[in-house]
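Single-letter residue listing:
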Protein chains: 2
Amino acid sequence: MGKPLKGISVFILAFSTSLIFSVSVQAADPLPSWNAGPSKSAIIEFVAAVTDKNSKDYVEPGRRIATFDNDGTLWVEYPMYTQVLFAFDRVKKLAPQHPEWKTKQPFKALLAGDMKTVGASGMKGVAELVMASHAGMTSDEFTQDVTRWLATARHPKLGCLYKECIYQPQLELLTYLRANEFKTFIVSGGGIQFMRPMTMKAYGIPPWQVVGSSIVSEFQTKDGKSAIVRQPKIDFIDDKAGKPVGIYSHIGVRPILAFGNADADMQMIEYTRAGKGRRLGLFVHHTDADREYAYDRNSHVGQLDKALDQADANGWIIVDMKKDWRQVFPEK
Amino acid sequence: MGKPLKGISVFILAFSTSLIFSVSVQAADPLPSWNAGPSKSAIIEFVAAVTDKNSKDYVEPGRRIATFDNDGTLWVEYPMYTQVLFAFDRVKKLAPQHPEWKTKQPFKALLAGDMKTVGASGMKGVAELVMASHAGMTSDEFTQDVTRWLATARHPKLGCLYKECIYQPQLELLTYLRANEFKTFIVSGGGIQFMRPMTMKAYGIPPWQVVGSSIVSEFQTKDGKSAIVRQPKIDFIDDKAGKPVGIYSHIGVRPILAFGNADADMQMIEYTRAGKGRRLGLFVHHTDADREYAYDRNSHVGQLDKALDQADANGWIIVDMKKDWRQVFPEK
C-alpha cells in the first residue's frame with residue numbers, strides 16, 4: 001500500500017500548501033502600522049474600488065495620482081519646520097562672511113541666540129533669513145548645502161536625523177499606492193529644492209514628483225560654465241490656494257487622493273474631491289504627545305482648525321495619530 | 001544508427017537555433033529609421049557608455065534624464081507652430097461672443113483672413129490672440145478645447161492630423177532611451193497645458209514629464225465647485241535661457257541628453273553638457289524639402305543659425321534629416 005498512500009499524501013500536502021499560501025496572500029496586510037478602524041478601511045476600500053476594472057469607480061493607472069503634503073504629513077514639523085532650522089543654521093555658518101549682520105536685525109538676534117526677537121520680526125524677518133540662506137548660490141551649491149546639513153542635523157526631542165523623522169504608516173501607504181499603480185507626489189509649502197535632495201531615499205519619490213514653493217532662478221554663465229543661480233525673490237508659494245495651482249502646473253492631472261495635516265491643505269483636498277468620480281481626502285491629526293506631539297487649533301505650525309470643523313460635512317477623513325497608527329516611526 | 005543520429009541532429013538543431021537567436025538579438029536595431037552614420041553612432045555609443053556599470057561614464061538610472069524640445073524636434077512646426085494655429089481657430093470660433101473684435105486689431109484682420117496685417121501686428125498682436133484663446137476658462141475646459149481641436153485639425157501640406165505629424169526616428173529614440181532606464185521629458189517653448197493632452201498617446205510621455213511656457217492660473221470656487229481658472233497674464237516663458245530654469249523647476253535633475261532643433265535650444269543643451277561626466281547634445285537640422293521641409297538660418301520658425309556655427313566647437317551633434325533619417329513619419 002506504499003505507493004497509493006504516498007500519492008495521496010503528496011496530493012494533500014500540495015493542496016494544503018496552496019491553501020495556506022493563498023490564505024496568507026489574502027491576509028497579508030499592506031498597512032501593518034495602521035490600526036483597524038474607519039481611516040484604514042476608507043483607504044483600503046478606496047484603493048480596491050479605483051483599481052477594480054468591474055467597479056463603477058475604476059480609474060485607469062495614468063490618472064491614479066496621489067498627492068501628499070510633507071511637513072507634518074510625511075515628516076515631523078514640530079516644534080519648527082525643518083527648513084526654517086536649516087535657514088537659521090546656514091545664517092550662523094555664513095555670518096563670518098557678513099560682518100554687516102552683527103548690527104542688522106533679525107540677523108543680530110539670531111546670532112546672539114535671541115529667538116524671541118527673531119520671532120518678533122515676524123514673517124518679514126524670517127523671510128530675510130530664508131533668502132540670505134537660500135539665494136545667491138548656484139543650484140548645485142544649494143543642493144550640496146542642503147545635503148550636507150541633512151546628513152547630520154538631528155531633532156532635539158525625538159533624536160532622529162530630521163530626514164529620518166518620517167512616519168512609518170505613510171511609508172507603507174506610499175508603497176501600497178505605488179503597488180496599485182498610483183503615481184505618488186509631494187505637494188508642500190516647503191521649498192521645492194530643499195526637499196528634492198531627500199525625497200527619493202526617504203519616500204521613494206523622485207525629484208520631478210516633488211512640488212513646492214520656489215524662489216526665482218536664472219540661467220547664467222559663470223566662470224565659463226553654465227549654471228542656474230538662485231535669486232532672493234519669491235517665485236511661487238505652494239500653500240493654501242497655491243497647492244491646486246502647483247498641482248496644475250507640475251502634474252497636470254487632478255489627484256484622486258490627497259493627504260495633508262493642516263488648514264493650509266484644505267484647498268488641495270477640496271480641488272481633489274471636486275473632480276468627477278470617487279476621490280479620497282485625508283488629514284493627519286497630531287494627537288499623540290507621547291510618541292510624537294499633540295497640536296491642532298492653536299498651533300504655530302501646521303494649524304488644524306477649520307478642517308476639523310468641516311471634515312464630517314465634506315467627507316474628509318481625519319486620521320487620529322494616537323488611535324490610527326500602531327507605530328509612528330520606522331524601526332531603527 | 002537511428003537513435004544516436006537523431007540525438008546529434010537535435011543537438012545541432014538546438015545549437016543553431018540558439019546561435020541564430022543570439023545573433024538576431026544582438027543585431028536587432030533599436031533605431032531602424034536612423035541611417036548608419038555619425039549621428040546614430042553617437043547616440044548608440046552614448047547610451048552604451050552611460051548604462052555600462054563597468055564604464056567610467058556610468059550613470060545611475062535615477063539620473064538618466066533626457067529632455068526633448070517639441071516643435072520641430074518631436075513634431076512638425078513648419079510653416080507655423082501648431083499652437084498658434086489653434087489660437088487662430090479658437091478666436092474665429094469665439095468671435096460671435098465678441099462683437100468688439102469686428103473693429104479691434106489684430107482680431108479684425110484675422111477674422112477677415114488678412115494674415116498680412118495679423119503678421120504685421122508682431123509678437124504683441126499674436127500674444128493678444130493667444131491670450132483671448134487660452135485664458136478666461138477653467139483648466140478642464142481648456143483641456144477639452146485643445147483635445148477637440150487636435151482630434152480633427154490637419155496639416156495642409158503633409159495631410160496628417162497635427163498630433164500625428166510626429167517623427168518616427170524620435171519615437172524610436174524615446175522608446176530606446178526608456179528601455180535603457182532613461183526618463184524622457186519634453187522641454188518646449190510651447191504651452192505646457194496645450195501639449196499635455198497629446199503627449200502620452202503620441203510619445204509615451206505623461207503630463208507631469210512635460211515642461212513648457214505657462215500663463216498665470218488661479219484657484220477659484222465657481223458655481224459651488226473648486227476649479228483652476230486661467231488668467232490672461234504670462235507666468236513663465238520656457239524658451240532660450242528659460243529652458244534650463246524650467247528644467248530646474250520641474251525636473252530638479254540636470255539632463256545627460258538634450259535634443260532640440262533651434263537656436264532657442266542652445267541654452268538647454270549648454271546647461272546639459274556643462275554637467276560633470278559624459279553628456280550628449282543634439283539638434284535636428286531640417287534639410288528635407290521632399291519629405292518634410294528645409295529651413296534653418298533665416299526661418300521665421302525654429303531658426304537654426306548660431307547653433308550651426310558653434311556645433312563643431314561645442315561637440316554638438318547636428319542631425320541631418322535628409323541624410324540621417326531613413327523614414328520621417330510613422331507608417332499609416
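Refer to the structure printed above.
Residues numbered from 1 in each chain as written. Chains lettered and ligands numbered in written order. Predicted model: local features only at pLDDT ≥ 70, side-chain atom pairs only at ≥ 80, totals over all residues. Heavy atoms only, no water.

A. Region of the structure containing the relation of the copies chain B and chain A. Each copy of the sequence occupies a distinct position, and chain B is placed on chain A by a rotation of 180 degrees and an axial shift of 0.0 Å, giving an RMSD of 0.0 Å. The symmetry that links the two subunits is that of a two-fold axis. Residue His250(B), judged by its C-alpha, is the member of chain B lying nearest the rotation axis, at 3.3 Å. Comparing contact sets, 100% of the residues at the interface of chain B also lie at the interface in chain A, consistent with an isologous, same-surface contact. (Least-squares fit on C-alpha atoms with pLDDT ≥ 70 in both. Contact = heavy atoms within 4.5 Å.)

B. Representation of the interface of chain B and chain A within the structure. Contacts between the two partners involve 34 residues from chain B and, on the opposite side, 34 residues from chain A. The largest share of the area that chain B buries against chain A comes from Trp208(B), Phe219(B) and Tyr248(B), three residues that together contribute 29% of it. Across the contact surface, chain B and chain A share 2 salt bridges. One salt bridge connects Asp140(B) with Arg254(A), and the closest N-O pair in it is separated by 3.1 Å. Along the contact surface separating chain B from chain A lie 16 residue pairs in polar contact (both at pLDDT 80 or more). Of all the secondary structure elements, the ones that give two or more residues to the side of chain B that touches chain A are helix 7 (139–152), strand 2 (183–191), helix 9 (192–203), strand 3 (210–222), strand 4 (225–236), helix 10 (242–250) and helix 11 (266–273) of chain B. By residue number, the principal contributor to the side of chain B that touches chain A is helix 10 of chain B, which donates 5 residues. Among the residues making up the side of chain B that touches chain A, the classes are represented as 15 nonpolar, 11 polar and 8 charged. (Buried area = accessible area lost by both parts, 1.4 Å probe. Salt bridge = Lys/Arg side-chain N within 4 Å of Asp/Glu carboxyl O. Polar contact = N/O pair within 3.5 Å; in protein donor to acceptor, adjacent residues only side chain to side chain. Helix = DSSP H or I, 4+ residues; strand = E, 2+ residues; numbered from the N terminus. Nonpolar A, V, L, I, M, F, W, Y, C, P; charged D, E, K, R; others polar.)

C. Highlighting the packing of helix 3 (residues 82–94) of chain A against helix 7 (residues 139–152) of chain A. All names here are of chain A. Between helix 3 and helix 7, the shortest axis-to-axis distance is 11 Å and the interhelical angle comes to 105 degrees. Viewed along their axes, helix 3 and helix 7 adopt a mutual orientation that is roughly perpendicular. Contact residues: Thr82, Leu85, Phe86, Asp89 and Arg90 in helix 3; Phe142, Asp145, Val146 and Trp149 in helix 7. For the contact of helix 3 with helix 7, the residue count by class is 5 nonpolar, 1 polar and 3 charged. (Axes fitted to C-alpha atoms, helices over the stretch in contact; angles between N-to-C directions. Parallel < 35°, antiparallel > 145°, perpendicular 65-115°, else oblique.)

D. Structural detail: the environment of Asp140(B). With respect to the helices, strands and loops of the structure, Asp140(B) is situated in helix 7. For the pair Asp140(B) and Glu218(B), spaced 78 residues apart in the sequence, the C-alpha separation amounts to 13 Å. Within the structure, the side chain of Asp140(B) is placed 3.1 Å from the side chain of Arg254(A), a separation counted as a polar contact.

E. A look at the pairing of strand 5 (residues 257–260) of chain B. All names here are of chain B. Here strand 5 shows no split at all, with Leu257 and Phe259 on one side and Ala258 and Gly260 on the other all buried. Where strand 1 (residues 65–68) meets strand 5, 3 bridges bridge the pair, whose relative direction is parallel. Within the sheet, the bridge partner assigned to Ala66 lies in strand 5 and is Leu257. In the sheet, strand 5 pairs with strand 6 (residues 280–285) via 4 bridges, with the strands oriented parallel. Within strand 6, the position partnered with Ala258 by the bridge is Gly281. (Buried < 20%, exposed > 50% of the residue type's maximum accessible area, 1.4 Å probe, protein only. Pairing = 2+ DSSP bridges.)

F. Inspection of the pattern of salt bridges at higher detail. Residue and element names in this part refer to chain A. Following the criterion strictly, the structure yields 23 salt bridges over all chains and no others. Where Lys243 meets Asp69, a salt bridge forms, and the shortest distance between an N and an O atom there is 3.0 Å. In this pair, Lys243 is assigned in helix 10 (residues 242–250) and Asp69 in the loop between strand 1 (65–68) and helix 3, connecting sequence segments 174 residues apart. For the pair shown, Lys243 and Asp69 are each scored as buried.

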